[in-house]
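The primary structure of each chain is shown beneath.
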Amino acid sequence: MSRVKHGLTTLLLGLARGLGRLPPTAARWLVRPLAPLLRLAMRRRRRIAERNLVLCFPELDDSARRWLLRLHFRNLTEMVAEMSMAWSRPGRLDRRFGAVEGLANLHAARENGGVLLITGHATCLELAGRLVAERVELAGVYRPLSNSAIERFQNRGRSRYTIAMFPRHRLRDMIRHLRAGGVLWYAPDQDFGPERSVFAPFFGHQTATARAILDLARLGRARVVPMYPVKDEQSGRLTIHVEPAFDHFPGDDAVTDLGRFNAFLERWIRQAPGQYYWVHRRFKTTPAGVPSRYPEC
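Residues numbered from 1 in each chain as written. Predicted model: local features only at pLDDT ≥ 70, side-chain atom pairs only at ≥ 80, totals over all residues. Heavy atoms only, no water.

(A) Structural context of the sheet that holds strand E2 (residues 115-118). As summarised here, the arrangement of the 7 strands in space is E1-E9-E8-E2-E5-E3-E4, forming an open sheet in which the pairing is mixed. Here the strands that pair on one side only, and so sit at the sheet edges, are strand E1 (98-101) and strand E4 (164-167). Going from strand to strand, the sheet's axes swing by 25° on average, the running direction of each strand aside. Where strand E3 (residues 139-142) and strand E5 (residues 183-186) come together, 2 bridges link them in parallel fashion. (Pairing = 2+ DSSP bridges. Helix = DSSP H or I, 4+ residues; strand = E, 2+ residues; numbered from the N terminus. Axes fitted to C-alpha atoms, helices over the stretch in contact; angles between N-to-C directions.)

Here it is, written out as C-alpha cells:
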C-alpha cells in the first residue's frame, strides 16, 4: 500500500471510529447529506442499481424507480454509519438500535444441532448481525478484502460480538462449527458464478443461487433458519425477523430448495425495497442462451 493510500485509509478509519460512537440518529444524519454525492460518484454502480430495479420492479414507472434509487443511495450512505456503529461502539447496543423478533425459532432449531442462519445483503445487515450476536453466540462468514487495513478493522470490530469469522473459502471450518452445534451467520445472496450455483427463480428471473447453502446444511447436519433485518426509515431502528427453520431442508431437488430461500428474500425485500444491496450485479450469470442482463454495465 502506498504512503498516500495508507494515510487516507488511516484517516477514514479514524473517522469511522468516531462516527460509530455517536448516537445512532446523529451518526445517520451526519452522513446522509453525502448520498447525492455518492450517487454521482458511483456511476457504474448506479447504472447497475438502475438496471436491477428495472429487472425486479417492472410494474413501477420511471418516476417511482428514480425515487427508489435515491432512497437506496441514502441507505447506502447510512450503511457507513451503521457499519461504524457495529464495529466501533463499545458495550451492548441498547433499544435505540433495534430489536430481534422470533429468537424462539432459532433456539428451537438449536435443540437439534447446529444452525445455518441465512440472510440477505440488506444495507443494515452489519448492525443487524451485531444485534443478533449479542443475544445468541454465533460465528460468521466473510469475503476477504483487498485492503488489509480495512479488513483488520472489520474483523477486529466483529470480534466484539462473534466467536469466529470464517473466510468464505474455509468450508471445512464452517462444517466443523455446525457439527459442534454452533450457529453460522451467512449471507449467500450473491452471484458466485455457474460452477458454484444453481439457477432458481428470484424476482421472476432464473438466478444463480449459491449451492453452499445446501452443502453447509447437509455436511454440517444443520437446520437452516432464515432471518432478515428491516430498518424504520424514520427512526432508523432495526427489526430483525427470525423465521422458523425450513422444514425438510435440503430436500431432493436443489432448485426447489434454493427457490425457497430466494422467495423468502424476495418477500422481505419487497417490504423495504430501498434497503436491499442493489449495486451488486445479482443477475450477472445467466442460463445458456439468455443474453446479458447488464449490457451497458
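Now that the structure has been shown, we can carry on.
(B) Representation of the pattern of salt bridges. All told, the structure shown has 17 salt bridges when counted by the stated rule. In this structure, the salt-bridge partner of arginine 46 is glutamate 50, at a minimum N-O distance of 3.9 Å. Of the two residues, arginine 46 and glutamate 50 are both situated in helix H4 (residues 43-56); the distance of 4 residues between them amounts to about one turn of the helix. By relative accessible area, which is 36% here, glutamate 50 ends up partly exposed. Of the charged contacts in the structure, one is a salt bridge between glutamate 266 and arginine 270, with a shortest N-O distance of 3.1 Å. With glutamate 266 and arginine 270 both in helix H11 (residues 254-271) and 4 residues apart, this pair spans about one turn of that helix. Linked by salt bridges that have partners in common, Arg28, Arg32, Arg74, Glu78, Glu82, Lys231 and Glu233 make up one network. (Salt bridge = Lys/Arg side-chain N within 4 Å of Asp/Glu carboxyl O. Buried < 20%, exposed > 50% of the residue type's maximum accessible area, 1.4 Å probe, protein only.)

(C) Layout of the packing of aromatic side chains. Tallying each qualifying case throughout the model produces 8 aromatic pairs. On the basis of an interplanar angle of 75° and a centroid distance of 5.8 Å, the ring pair of phenylalanine 57 and tryptophan 278 is categorised as edge-to-face. Of this pair, phenylalanine 57 sits in the loop between H4 and helix H5 (62-88) while tryptophan 278 sits in the segment after H11, and the two are 221 residues apart along the sequence. Considered together, phenylalanine 57 and tryptophan 278 belong to a single accessibility category, that of buried residues. An aromatic cluster is built from Phe57, Phe202, Phe203, Tyr276, Trp278 and Phe283, whose rings are joined through pairwise contacts. Taking the ring centre of tryptophan 29 as reference, the NZ or CZ of arginine 32 above it sits at 4.4 Å. (Phe/Tyr/Trp six-rings, centres within 6.5 Å; stacked < 30°, edge-to-face > 60°. Lys NZ or Arg CZ within 6 Å of the ring centre and 35° of its normal.)

(D) Highlighting a nonpolar patch on the surface. Together, Leu8, Leu11, Leu12 and Leu15 make up an exposed nonpolar region whose accessible area comes to about 400 Å². The residue leucine 15 is located in helix H1 (residues 3-20) in this model. For leucine 15, a relative accessible area of 53% puts it in the exposed group. (Patch = residues over 30% accessible without salt bridge, like charges linked within 9 Å, V, L, I, M, F, W, Y side chains within 5 Å. Areas by Shrake-Rupley, 256 points an atom, 1.4 Å probe, with all protein chains shown as cover.)

(E) Main features of the pairing of E2. Because side chains alternate across E2, one face comprises the buried residues Val115 and Leu117, and the other comprises Leu116 and Ile118, equally buried. Direction of pairing for E2 relative to strand E8 (residues 223-231): parallel, over a ladder of 4 bridges. Residue pairing across strands places valine 115 opposite arginine 223, the latter belonging to E8.

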